[in-house]
Amino acid sequence: MEAWAAILHPDSQTHVLDYLMQTEVEKTPFDHEYKIIRVNDGVERWVHGLGELEYDNQLNPVRMIGTIQDITENKQAEEAIKKLNEELEDRVKERTAELLKSNMILQQTEEKYRTVADFTYDWEYWISPEKHILYMSPSVERITGYTVQEFIANPELLNQLVFADDLGLWNSHRLESHNPDFGDKKPQQEAKFISD
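Residues numbered from 1 in each chain as written. Predicted model: local features only at pLDDT ≥ 70, side-chain atom pairs only at ≥ 80, totals over all residues. Heavy atoms only, no water.

Draft legend 1. The arrangement of the overall build of the chain in detail. In terms of regular secondary structure, the chain is built from seven helices and five strands. Starting at the N terminus and walking to the C terminus, you meet the elements of the chain as α-α-β-β-β-α-β-β-α-α-α-α. Counting only carbon and sulfur atoms, one obtains 54% of the accessible surface of the chain, whose full area is about 14,700 Å². (Helix = DSSP H or I, 4+ residues; strand = E, 2+ residues; numbered from the N terminus. Areas by Shrake-Rupley, 256 points an atom, 1.4 Å probe, with all protein chains shown as cover.)

The following block contains the structure:
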């Protein structure tokens, strides 16, 4: 016991000896992971001890039979995985913070643009490739007589208001404006609309 206790790492010694006393009192097997200092070279190692105490007729412990297995590599792998997980969590937190900041900036920019668009004299609108109205400025009512809600409820209303002579030009413009080849330089087209 003295030889075994002598190789216990100072960080583990008190805890392991207390655990051993607990197994003696409770008459339970010894099953514990702890650190030792290897005698021949002073290197710190992790071990897993498994054993059972044998007792005399008065139930005094006389010896322990068991095994001690070097689990240093497993512990090092666990530590490496733990460190990688912590680094990954830190990166996720950083990226999440960056994304939240970017979203906030984007939202502020959109709010500024909407503020300008909402109060512009011109008729501004955005239409998705699926032909859904994403935004329409309130000035549409002054120009066409129809409210924003009426356009949202009936997206085809926009096409129905084009003057018949300009319908061909308008349809060509709609196709070209959704063509990604134009990039940010979307084609412009003048057309007459029928107002309410």
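Draft legend 2. Looking closely at the nonpolar core. W123, I133, M136, V140, V148, F151, L157, L158, L161, V162 and W170 together form the largest nonpolar core, which totals 11 residues. Setting aside residues up to four positions removed in sequence, V148 forms contacts with M136, S137, P138 and V140. Listed in part, the 10 residues of the second largest apolar core include A5, L8, L20 and F30. (Core = buried A, V, L, I, M, F, W, Y, C linked by side-chain atoms within 4.5 Å. Buried < 20%, exposed > 50% of the residue type's maximum accessible area, 1.4 Å probe, protein only. Contact = heavy atoms within 4.5 Å.)

Draft legend 3. Summary view of the sheet that holds strand β2 (residues 44–55). Pairing within the open sheet is antiparallel, and its three strands lie in the order β1-β2-β3. Bordering the open sheet on either side are β1 (30–37) and β3 (61–70), each of which pairs with just one other strand. Here the average twist between neighbouring strands, direction ignored, is 35°. In this sheet, β3 lies alongside β2 in antiparallel orientation, the contact comprising nine bridges. Bridging across to β3, H48 finds its partner in Q69. Running at roughly 155° to β1, helix α2 (residues 10–26) makes contact with β1, β2 and β3 of the sheet. (Pairing = 2+ DSSP bridges. Axes fitted to C-alpha atoms, helices over the stretch in contact; angles between N-to-C directions.)

Draft legend 4. Layout of the pairing of β2. Pairing of β1 with β2, which is carried by eight bridges, proceeds in the antiparallel orientation. From the neighbouring strand, E33 faces β2, where its bridge partner is H48. From the end of β1 to the start of β2, which pair antiparallel, there are six residues, and G42 there has a positive phi angle of about 70°. In textbook terms, the turn of a hairpin is the stretch between consecutive antiparallel strands, and for β2 and β3 this stretch comprises five residues, one of which, L59, has a positive phi near 65°.

Draft legend 5. Quick peek at the pattern of salt bridges. Scanning the entire structure with this criterion turns up nine salt bridges. Between K35 and E44 there is a salt bridge, with the nearest N and O atoms lying 3.8 Å from each other. The structure contains a network of salt bridges with shared partners spanning D11, K35 and E44. (Salt bridge = Lys/Arg side-chain N within 4 Å of Asp/Glu carboxyl O.)

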